[in-house]
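What follows is the residue order along each chain.
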Amino acid sequence: MIVVLTGAPGAGKGTQADLLSALKGFRKVSTGDALRKHVRMKSPIGLQAEAVMARGELVSDDILFEILRQELGPKAEEMILLDGYPRNVSQAKTLDSLKDVHPVVAAIHLDVDPHELVNRLSGRRVCASCGATFHVTMTPSKVAGVCDKCDGALQQRTDDSEECVRTRLSVYESLTKPVLEFYKEKGLYQRVDGMGRTEEVFGKLKGSLDGLRLA
Ligand code: AMP
């Protein structure tokens, strides 16, 4: 079963999926993380995706289908938290075509004010070694520039630069927002208020997921 976590860049999908996947029975699948891994490995997919990602644009649907196939695997025992896919209606239809094996049971929209998104993205810092995420003012590391978890170096993602953030937000508005309608029509859409502290949002999301597990 799949729960799609959707929302604009900077809404906190990855952070929340990390927290939720620490709970028993959940697994996070992030297409962004998978693509970044391919870029680091300089695999054929990574070599094709790197420049597109650096511009903040969407990588091709064909590549994303291959990523999805690799990451979802055979019928999963856990509930998969899908972060970063689908990013357009065509991808939503592709995911729908896998429903016999991987049915989507909910699409949870983490809703955050646009001005807050820019603030979150511009202050985000990511550990180059373990991928842990911090924010320079909201969730700072104990020592500036150093990861609390593994002492790795904290860096700004190349696509968190101001120009790239603008592109990513406009791609979200034009291509990803229509995906919300797709799931509304299927009766799978749920909105969760993504404003507020990480723990508060986590509590709300966990409530929604517990509701699904009981259903
Ligand atoms: P994310 O970490 O989810 O913000 O993704 C980082 C970048 O990876 C995006 O800006 C896109 O360039 C690419 N990407 C991730 N997921 C997708 C997707 N489903 N479709 C196309 N491109 C994607």
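Structural data are supplied above this passage.
Reference entry: report on the structure contained in this document. (Residues numbered from 1 in each chain as written. Predicted model: local features only at pLDDT ≥ 70, side-chain atom pairs only at ≥ 80, totals over all residues. Heavy atoms only, no water.)

## A short note on the environment of Pro178
Along the chain, the position of Pro178 falls in helix 7 (residues 162-185). Taking the C-alpha atoms as reference points, Pro178 and Arg87, separated by 91 residues in sequence, lie 9.2 Å from one another. (Helix = DSSP H or I, 4+ residues; strand = E, 2+ residues; numbered from the N terminus.)

## Considerations on the environment of Lys177
Take Lys177: it is sitting in helix 7. Residues Lys177 and Val89 lie 88 residues apart in sequence; the distance between their C-alpha atoms is 9.0 Å. Polar side-chain contacts of Lys177 include one of 3.3 Å to the side chain of Glu173. (Polar contact = N/O pair within 3.5 Å; in protein donor to acceptor, adjacent residues only side chain to side chain.)

## Examining the packing of aromatic side chains
What the rule picks out here adds up to one aromatic pair. Relative to Tyr183, the ring of Phe182 has its centre 5.1 Å away and its plane inclined at 90 degrees; by these criteria the two rings are edge-to-face. Here the two residues Phe182 and Tyr183 agree in accessibility, since each one is buried. The side chain of Lys184 reaches across the aromatic face of Tyr189, ending 4.8 Å from its centre. (Phe/Tyr/Trp six-rings, centres within 6.5 Å; stacked < 30°, edge-to-face > 60°. Buried < 20%, exposed > 50% of the residue type's maximum accessible area, 1.4 Å probe, protein only. Lys NZ or Arg CZ within 6 Å of the ring centre and 35° of its normal.)

## Structural notes on unusual backbone geometry
Residue Pro86 is bonded to the preceding Tyr85 through a cis peptide linkage, with omega at 0 degrees. Here Pro86 shows up in the loop between strand 3 (79-83) and helix 5 (89-96). Even without being glycine, Lys42 reaches a positive phi, approximately 55 degrees. In this structure, Lys42 sits in the loop between helix 2 (31-41) and helix 3 (44-55). For Asp151, which is not glycine, the phi dihedral falls at a positive 65 degrees. Mapped onto the fold, Asp151 is located in the loop between strand 6 (133-135) and strand 7 (154-155).

## Some points on helix 5
If you check which residues of helix 5 are buried, you get Gln91, Ala92 and Leu95. All buried residues of helix 5 project into a common sector of 105 degrees when viewed along the axis, lining one side. Among the structural elements, strand 1 (2-6), helix 4 (61-72), strand 3, strand 4 (104-111) and helix 7 are those in contact with the buried residues of helix 5. The backbone nitrogen of Ser90 lies 3.3 Å from a side-chain oxygen of the residue at the head of helix 5, namely Asn88. (Arc of directions from axis to C-beta. Contact = heavy atoms within 4.5 Å.)

## Section: the pairing of strand 3
A large share of strand 3 lies buried, amounting to five of its five residues. Bridge analysis of strand 1 against strand 3 gives four bridges, and the strand direction is parallel. Paired with Val4 across the bridge in strand 3 is Leu82. Here strand 2 (residues 26-30) pairs with strand 3 via five bridges, running parallel. Paired with Lys28 across the bridge in strand 3 is Leu81. (Pairing = 2+ DSSP bridges.)

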